[in-house]
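Reading the structure
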Amino acid sequence: MYAALWRALPGPAWFKAIEALVLLAAVVVVLFQWVFPAVADSLPFNDNTVG
Amino acid sequence: MIRRLVGGLGELLITAGALVLLFVAWQLWWTDVVAERDQERIVQALADDFASGGTGLPPEVADAYPDLDEDAAFAIVRVPRFGEDYARPVIEGTGRPVLELGVGHYDGSADPGEVGNFAIAGHRTTYGRPFHTIDALREGDRVIIETRPEVFVYEIESSEIVRPWETQVIQPVPDDPGAAPEEALITMTSCHPKYSATHRYVTHGRLVETVPREQWRLEDWNDVTGPRVSPEA
């Protein structure tokens, strides 16, 4: 999976490394901003109220 | 063929492990970073609003938080035990979006200073953890609820640990359901133990002073006996 992604990235190795880092950063942003908040809403360990 | 399948499966498992670790980092660290910034901003907006005679939150702050209805943030809570500068917004309701922006006021519980029980909830961990050190509160510690016209000073009297369904703790007379209230009380709830939701840490207090805004001086009320215990440390 990752080997195929590496081959698909254009340019020389050093440029591929930069591209891979940018992709990783984008994935982290999407997770932090949208995915994790949505997941946390359905987990029980953040409840602080009674009732 | 088999080698490729096993290799692919290994990559998937490593990816899943990395995702879980990343989620833990987000929950334990990033939610604090975001929520502390948001809560500070709302407190500042409230403080400016109270000082200027009260026209509501400025539009740029209100618009930044779609979960915040107009006038939903209505008070600032200060707890000298939690630090000289400790201040968090108090917001109507106790839904998840509210508790990420500050301390929530239980629907239907008394208003600040009113006879009955002013009941509020806050995160013990994550999302700015306003009540992280709720177990450091001692008898006689002050909890200050600053509203636009008046500032209410409560003093802590007792604490208890209950299960999440034990709603009698936020009744008008705590632990005495159905009784008619005669005093203005405060109840704070948070989860317990830390990083768990099996129990609730509950602290009760009593109104000792009501100060009109013009006469309010925080420094007269901000001292504690013993060390301060910051929820942020």
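Residues numbered from 1 in each chain as written. Chains lettered and ligands numbered in written order. Predicted model: local features only at pLDDT ≥ 70, side-chain atom pairs only at ≥ 80, totals over all residues.

An unreviewed UniProt entry annotates chain B as Class E sortase originating from Phycicoccus avicenniae.

Overview of the pairing of strand S7 (residues 184-192) of chain B
Residue and element names in this part refer to chain B. With respect to burial, S7 is a largely interior element, nine of its nine residues being buried. Across the two faces of S7 the burial is the same, with Ala-184, Ile-186, Met-188, Ser-190 and His-192 and Leu-185, Thr-187, Thr-189 and Cys-191 all buried. Both strand S4 (residues 116-121) and S7 contribute to a ladder of six bridges, which runs parallel. By the bridge assignment for S7, Ile-120 is matched with Met-188. The sheet contact formed by S7 and strand S8 (residues 199-212) spans eight bridges and is antiparallel. The residue of S8 that forms the bridge with Ser-190 is Tyr-201. (Buried ≥ 20, exposed ≤ 12 C-beta atoms within 10 Å, placed from the backbone. Helix = DSSP H or I, 4+ residues; strand = E, 2+ residues; numbered from the N terminus. Pairing = 2+ DSSP bridges.)

Some words on the nonpolar core
It is characteristic of soluble globular proteins that their nonpolar side chains tend to be buried jointly. All names here are of chain B. By size, the foremost hydrophobic cluster in this structure holds 49 residues, and its most contacted members are Val-77, Val-90, Ile-120, Val-143 and Ile-145. In terms of residue count, the dominant contributor to this core is strand S6 (residues 150-162) (five residues). Setting aside its immediate chain neighbours within four residues, Ile-120 contacts Val-90, Val-103, Gly-104, His-105, Tyr-106 and Met-188. (Core = buried A, V, L, I, M, F, W, Y, C linked by C-beta atoms within 7 Å. Contact = placed C-beta atoms within 7 Å.)

Details of the UniProt feature "active site" (unreviewed entry) in chain B
The UniProt record annotates "active site" (unreviewed entry) at His123(B) and Cys191(B). Considering the C-alpha atoms alone, the annotated residues occupy 69 residues of sequence yet fold into one spot, their largest mutual distance being 7.0 Å. Looking at the secondary structure, you find His123(B) in the loop between S4 and strand S5 (142-146). Look past the residues within four positions of His123(B) in its chain and what remains in contact with it is Asn48(A), Leu99(B), Gly128(B), Arg129(B), Pro130(B), Phe131(B) and Ser190(B). The residue Cys191(B) is located in strand S7 in this model. Overall, the presence of 26 C-beta atoms within 10 Å leaves Cys191(B) in the buried class. Discounting chain neighbours no more than four positions away, the residues touching Cys191(B) are Asp47(A), Asn48(A), Arg124(B), Ser196(B), Ala197(B) and Arg200(B). (UniProt positions renumbered as here; feature names shortened; annotations may be inferred.)

Quick look at the interface of chain A and chain B
Between chain A and chain B, the contact holds 16 residues from the first and 27 residues from the second. It is helix H2 (residues 13-40) of chain A that provides the largest number of residues to the side of chain A that touches chain B, a total of five residues. Split by residue class, the side of chain A that touches chain B holds 10 nonpolar, four polar and two charged. (Nonpolar A, V, L, I, M, F, W, Y, C, P; charged D, E, K, R; others polar.)

Some remarks on the sheet that holds S6(B)
All names here are of chain B. Strands sit in the order S1-S2-S3-S4-S7-S8-S6-S5 around a closed barrel of eight strands; the barrel is mixed. On average, adjacent strands in this sheet sit at an angle of 30° to one another, irrespective of strand direction. The pairing of S5 with S6 spans five bridges and is classified as antiparallel. Bridge assignment links Ile-145 to a residue of S6, and that residue is Phe-152. The strands touched by helix H1 (residues 2-51) within the sheet are strand S1 (73-78), strand S2 (88-92) and S5, with S2 carrying the most contacts at an inclination of about 85°. (Axes fitted to C-alpha atoms, helices over the stretch in contact; angles between N-to-C directions.)

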